[in-house]
Amino acid sequence: MAEAQPIVPPLVIPQEREGSRPFVQVLHDWIVTVDHKRLGIMYFSYGILALVIGGIEASIMRAQLAVANNNLVSPEVFNQLFTMHGTTMIFFAAMPIVFGIANYLTPLMIGARDMAFPRLNAWGFWMTAFGGIILYFSFVGGFGLYGAGSAPDVGWFAYAPLTSPAFSVGHSTDYWTIGLLISGFGSIATGLNIMTTVLCMRGPGMKLNRMPMLVWLNSVMAFLILVAIGPLTAAQLMLLIDRFLGGHFFDTQAGGSAVIWMHFFWIFGHPEVYILVLPAFGILSEVIPVFSRKPIFGYNIMVAATVAIGFISLSVWAHHMFTVGMTSYANAFFVASTSAIAVPTGIKIFNWVGTMWGGKITFTTAMLFSVAAVAQMLIAGLTGIMLAAAPFDWQLGNSYFVIAHFHYVILGVIVFGVFSAAYYWYPKVTGRMMSETLGKWHFWLFLIGFHMTFDFMHIPGLLGMPRRIYTYEASRGWQTWNTIVSIGVIFQALAVLIWVFNATKSYFRGKIAGSDPWDAWTLEWSTSSPPPDYNFAELPVVRSRRPLWDLKHPEDPDWKYE
Amino acid sequence: MRSRNCEWHNSTLRNLAKRALLGLFFVTVMGWGATGFALGPSSTPSIFSPDSTPAHDIYHLSLFVMAVCLGIFLVVFSLIVYSIVKYRRKATDDDREPPQIYGSNQVELAWTVIPILIVVVLFLAAARVIHAVEDAEFPPNTIEVTATGHQFWWEFQYPAYSFTTANELHVPVSDGSHPTPTHIILLSADTDHSFWVPQLAGKIDLIPNRRNEMWIDPKVPGHYVGQCAQYCGMQHAKMLLNVFVDTPEDFQKWVQQQKEPATTSDQVAAGRKVFEANACMNCHTITGTISHGRFGPDLTHLMSRTTIASGAAPNTQDNLTLWIKDPDAIKPGCLMPAMQLDEQDVNALVAYLMSLH
Ligand SMILES: [Cu+2]
Ligand SMILES: [Cu+2]
């Protein structure tokens, strides 16, 4: 399959930067870089590091919950663990990872030489990075003047008034607030950058309706960032005013409102889910067509569904608040809007199946992860429908059922999508192939672990187990389920280790990939692997959604049909 | 107490399995709504064994929603499996690309319209139950209770009978011939909490500066369990809910007893003196005495409760002693301080507390 020569000749820039230069110089290059590919790699690696840290936190929690009345960690530590786990995974693992993928691929896919604002790009990365460092610095600095607590223990959505000075003494909550505030600035910068790049930097012939699906999904993601991070920033500022300047926005002891915090947080929090899942949808929409050897089914409606999801996702936030005692009309409204989002999501699933239908599917590791993600999105969507029926949510909300549901989305779809992307674009980024044998081990172990953990996690929720409890009574009958859930973690951890090993080994030993190892169709495969600085020697002219298909099949080009 | 729980637990699991199977059977074969009979309380508070109208309505809705979801799952999952099995590349395949299909408007229309119809139906079903539960009317003999969440215990006030108790809620059974639902006002003294007894009703949060409400009308007497379902601080995990559904006679008896001031006797005067000479009285109320604290649970009829510290430990002499010496030994991080009393004072105190029937 592999093409020996890039289809478009690369821009030859003397590569004297690499090679035997001293480590400090190389490090310096990376730190001051404004190159979208390097920043993409940095975002991605930073996210993976956070993923591992957050994963360790999760594993300790699962060890604690594996048996009833366990004393492995104290309640205080457990509360810090779930706070740090949630915050780390959402803000410092998932977001940097999807930003990394967007940064690396957006210019390559639309035929641009870099992002629109390279310096802003670097600034955004470092803001995000510092945000995470500040959050983790709480372990050292959180004792503050009062010697109370270290890491924050208010939960990742930090409901008021637990965060008010009366209930959260010391500075741990401040590290949480300021860490998120700062990383939020970075996210806004990235959102702005992706948006501008897509609107202004497309190469010749790359019309909006010829953009690869991943680029479309990333632009809707960028739009959601611009809309959703604002409320979070505002809420964090108000909280800071409460904590340092004697404000009373959320200070219920002085007449503040706990519910206002919930609104602010979830107006951010729900679109956030889509900020993370849309790029994953984008990955599936790139990988599935290539390995089914067919174009994406229903491109136009896929784009329309994406835009619809983007808009509807702004009007569903209070489904996180079905239990706060809203009126029956408000509850009914959010049932309607939340269920409505199932329609465009369903359309996406159907179109992925439509893409595979009639194709010739090769099950590379990348494809395996993508197909599993489609099936898991189906299940996550259906448990989402269950949660969207407000009365059902009065039972399921804040129970382990919800935890299982959103981990199905975040692991089952987003992380599976990211793994798929990791196998699919690894040859482009490093110039070498990853081992498929190890890849299959990674896939199957992760799949088994994932289903052991998150399928069985629904059950204790149905049996009345609330989230965020550090232990439970044996008489509740939850132990068996929790043990199974915890054992699954071992498989997942093993799988991730295999992946890290595979990526490291392949970097040095992997088969040379060539520019287009998958016989793919989008522009990033037209340049060498890894792409040279500034990506393209001459900007390729695009006449359809699959420019490389046109080049490879001059007798039957796509543009005749679009 | 523990061993009884264990027996419950086993039979519960069996019941659960039976119910799950039955539920599935009814859902798939006979359509929704045929199940739903009261089995009584269980130590595993499954949302699928409702014993009170709100939980029951939710249960029915949930069967319907799950049946729809199961249907969708079977159809779409089969499509996925079929397509990856049927269209995988075979060894005999040549190198040619498969036919390039770009889409189909008819198919797209079908898989847009059908889901919209399903969503409309689901919305109507949910809206009906929202209305039935949230906008319910109450008969005049409804029992009123005000539940206030504290870090990390529950306060229950019965305004009509003017007494206060803690952690263990008693309500009368509400059978068809004498409906006596209980209407619960939910308040919070500090952070958010959530009142969740799955067999009786869905959860509703207790939020400071806000008045929420819910109602239950349990059909079968017995001991229902649940717990706080909104993270409220260090000991959120040990903020258990115990609801005792009494027969009307038992409930009246219980109310009469709770309305009485605390019993006093000379035998425990020493303990009472320790209680009143220490900060105990600043945090706890014992009616009929000078103790009027409201920070901790009302202790007037402490011994009428089966557990202490919101279900953290059975209410026994040993546990009371340990609790007074070092509350953190039972519930680390709870808001009652260890009072550093000497052995003699502790024993006197426990004797006093044990006299509060
Ligand atoms: Cu949401
Ligand atoms: Cu709680």
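Located above this text is the structure these notes cover.
Being a predicted model, the structure only gives us computed values, none of them experimental.

### Remarks on the interface of chain A and chain B
Contacts between the two partners involve 96 residues from chain A and, on the opposite side, 87 residues from chain B. For the chain A and chain B pair, buried surface summed over both sides reaches about 7900 Å², with 67% attributable to carbon and sulfur atoms. The three residues of chain A that bury the most area against chain B are A:Lys360, A:Trp394 and A:Gln395, which together make up 10% of that side's buried surface. Viewed at the interface, chain B and chain A are joined by two salt bridges. For B:Asp94, the salt bridge goes to A:Lys360, with nearest N and O atoms at 3.0 Å. At the boundary of chain A and chain B, one finds 35 residue pairs in polar contact (both at pLDDT 80 or more).

### A look at the environment of B:Pro140
With respect to the helices and strands, B:Pro140 occurs in the loop between α3 (105-134) and β1 (143-150). Considered as a pair, B:Pro140 and B:Gln235 are 95 residues apart in the sequence and their alpha carbons are 38 Å apart.

### As for the coordination of the copper ion (ligand 2)
Residue and element names in this part refer to chain B. Protein coordination of the copper ion (ligand 2) is provided by Cys228 (SG), Gln230 (O), Cys232 (SG) and His236 (ND1), with donor distances spanning 2.1 to 2.7 Å. Counting along the primary sequence, the residues that act as donors to the copper ion (ligand 2) give the motif C-x1-Q-x1-C-x3-H. The class for histidine 236 is buried, based on a relative accessible area of 1%.

### Observations regarding the sheet that holds strand β4 (residues 168-172) of chain B
Each strand in a sheet pairs with another by means of backbone hydrogen bonds, the pair being arranged parallel or else antiparallel. Residue and element names in this part refer to chain B. A sheet is described by the order of its strands in space; here three strands give the open sequence β4-β10-β9, paired in mixed fashion. At either margin of the open sheet sits one strand with a lone partner, and together these are β4 and β9 (222-227). This sheet shows a mean twist of 25° between the axes of neighbouring strands, independent of strand direction. In terms of strand pairing, β9 meets strand β10 (residues 240-246) through six bridges, oriented antiparallel. Residue pairing in the sheet places valine 225 in a bridge with asparagine 242 of β10.

### Here's the deal with the coordination of the copper ion (ligand 1)
All names here are of chain A. The copper ion (ligand 1) binds to the protein through His270 (ND1), His319 (NE2) and His320 (NE2), with metal-donor distances spanning 1.6 to 2.0 Å. The sequence motif formed by the donor residues of the copper ion (ligand 1) is H-x48-H-H. Residue histidine 270 is found in helix α7 (residues 258-292), and its partner histidine 319 is found in the loop between α8 (299-312) and α9 (328-340); the two are separated by 49 residues along the sequence. As far as burial versus exposure is concerned, histidine 270 and histidine 319 are alike and both buried.

### Structural notes on the packing of helix α5 (residues 269-277) of chain B against helix α9 (residues 343-354) of chain B
Residue and element names in this part refer to chain B. At a minimum axis distance of 7 Å, the contact between α5 and α9 shows a crossing angle of 105°. Classified by the angle between their axes, α5 and α9 sit roughly perpendicular to one another. The segment α5 lies against α9, with Ala270, Gly271, Arg272, Val274 and Phe275 engaging Asp345, Ala348, Leu349, Tyr352 and Leu353. Each residue belonging to the contact of α5 with α9 can be placed in one class, and the counts come to seven nonpolar, one polar and two charged.

### A few points about the packing of aromatic side chains
All told, the structure shown has 60 aromatic pairs over all chains when counted by the stated rule. Seen in terms of ring centroids, B:Phe138 and B:Trp215 are 5.9 Å apart; in terms of plane orientation they differ by 80°. Their pairing is edge-to-face. Here B:Phe138 is found in the loop between α3 and β1, whereas its partner B:Trp215 is found in strand β8 (residues 212-216), with 77 residues between them in sequence. Members of the aromatic cluster, each reached through a chain of ring pairs, are A:Phe369, A:Tyr408, A:Phe416, A:Phe419, A:Tyr423, A:Phe443, A:Trp444, A:Phe446, A:Phe450, A:Phe454 and A:Trp499. Positioned above the aromatic ring of A:Phe157 is the side chain of A:Arg468, whose terminal nitrogen or guanidinium carbon lies 4.2 Å from the ring centre. Residue placement shows A:Arg543 over the ring face of A:Trp559; its charged tip is 3.8 Å from the ring centre.

### Considering unusual backbone geometry
With glycine set apart, most residues show a phi of negative sign, and most peptide bonds adopt trans. All names here are of chain A. The step from alanine 160 to proline 161 runs through a cis peptide bond, and the omega angle for that step is 0°. Looking at the element boundaries, proline 161 is found in the loop between α4 (118-141) and α5 (172-200). Following serine 529, the chain continues into proline 530 via a peptide bond in cis, with omega recorded as -10°. Within the secondary structure layout, proline 530 lies in the loop between α15 (479-509) and α16 (547-552). Located in the positive-phi region is tyrosine 534, a residue other than glycine, with phi close to 65°. By the element assignment, tyrosine 534 lies in the loop between α15 and α16.

### Description of the pairing of β10(B)
Residues and elements named next belong to chain B. Judged by how many residues are buried, β10 sits mostly within the fold: seven of seven residues are covered. Pairing of β4 with β10 involves five bridges; the strand directions are parallel. By the bridge assignment for β10, valine 171 is matched with valine 245.

### Digging into the side chain of B:His183
Residue and element names in this part refer to chain B. Relative to the helices and strands, histidine 183 is located in strand β5 (residues 182-188). Note on histidine 183: relative accessible area 7%, which makes it buried. A distance of 3.1 Å separates the side chain of histidine 183 from the side chain of glutamate 144, its partner in a polar contact. Within the local environment of histidine 183, its side chain forms a polar contact with the side chain of glutamate 213, the two groups lying 2.5 Å apart. Setting aside residues no more than four positions away along its own chain, histidine 183 makes contact with Phe138, Thr142, Ile143, Glu144, Val145, Glu213, Met214 and Trp215.

### Examining the nonpolar core
Within the largest apolar cluster, 213 residues are counted, with the highest numbers of intra-cluster contacts made by A:Trp261 and A:Tyr424. The biggest single contributor to this core is helix α3 (residues 75-110) of chain A, with 21 residues. If you count residues domain by domain, this core takes at least three from each of domain 1 (2-91 + 103-134) and domain 2 (144-258) of chain B. Setting aside residues no more than four positions away along its own chain, A:Trp261 makes contact with A:Phe157, A:Ala158, A:Tyr159, A:Ala160, A:Trp176, A:Ala235, A:Gln236, A:Leu239 and A:Phe250. By size, the runner-up hydrophobic cluster in this structure holds 32 residues, among which are B:Val173, B:Phe195, B:Ile204 and B:Tyr224.

### Points about the packing of α7(A) against helix α11 (residues 365-388) of chain A
All names here are of chain A. With their axes 9 Å apart at the nearest point, α7 and α11 run at an angle of 125° to one another. Looking at the two axes, α7 sits oblique to α11. Note that α7 runs across α11; the crossing there is left-handed. For the pair α7 and α11, contact is made by Phe281, Leu284, Val287, Ile288, Phe291 and Ser292 and by Ala366, Met367, Ser370, Ala373, Val374 and Met377, respectively. Class assignment for the residues of the contact of α7 with α11 results in ten nonpolar, two polar and no charged.

### Focus: the pattern of salt bridges
As enumerated under the stated definition, the model contains 16 salt bridges over all chains in all. A salt bridge links A:Asp174 to A:Arg243, with the nearest nitrogen and oxygen atoms 2.5 Å apart. Of this pair, A:Asp174 sits in helix α5 while A:Arg243 sits in helix α6 (residues 213-245); the two residues are 69 residues apart in sequence, bridging distant segments of the chain. On the basis of relative accessible area, A:Arg243 is assigned to the buried category, the value being 13%. Members of the salt-bridge network, linked through shared partners, are A:Arg293, A:Asp516, A:Asp519, A:Lys552 and B:Glu97.

The rules behind the values
- Residues numbered from 1 in each chain as written.
- Chains lettered and ligands numbered in written order.
- Predicted model: local features only at pLDDT ≥ 70, side-chain atom pairs only at ≥ 80, totals over all residues.
- Heavy atoms only, no water.
- Contact = heavy atoms within 4.5 Å.
- Buried area = accessible area lost by both parts, 1.4 Å probe.
- Salt bridge = Lys/Arg side-chain N within 4 Å of Asp/Glu carboxyl O.
- Polar contact = N/O pair within 3.5 Å; in protein donor to acceptor, adjacent residues only side chain to side chain.
- Helix = DSSP H or I, 4+ residues; strand = E, 2+ residues; numbered from the N terminus.
- Donors = N, O, S within 2.8 Å, 3.2 Å for Na, K, Ca; no water.
- Buried < 20%, exposed > 50% of the residue type's maximum accessible area, 1.4 Å probe, protein only.
- Pairing = 2+ DSSP bridges.
- Axes fitted to C-alpha atoms, helices over the stretch in contact; angles between N-to-C directions.
- Parallel < 35°, antiparallel > 145°, perpendicular 65-115°, else oblique.
- Nonpolar A, V, L, I, M, F, W, Y, C, P; charged D, E, K, R; others polar.
- Phe/Tyr/Trp six-rings, centres within 6.5 Å; stacked < 30°, edge-to-face > 60°.
- Lys NZ or Arg CZ within 6 Å of the ring centre and 35° of its normal.
- Core = buried A, V, L, I, M, F, W, Y, C linked by side-chain atoms within 4.5 Å.
- Domains from an automatic or database assignment.
- Left-handed = near helix turned anticlockwise from the far one by under 90°.

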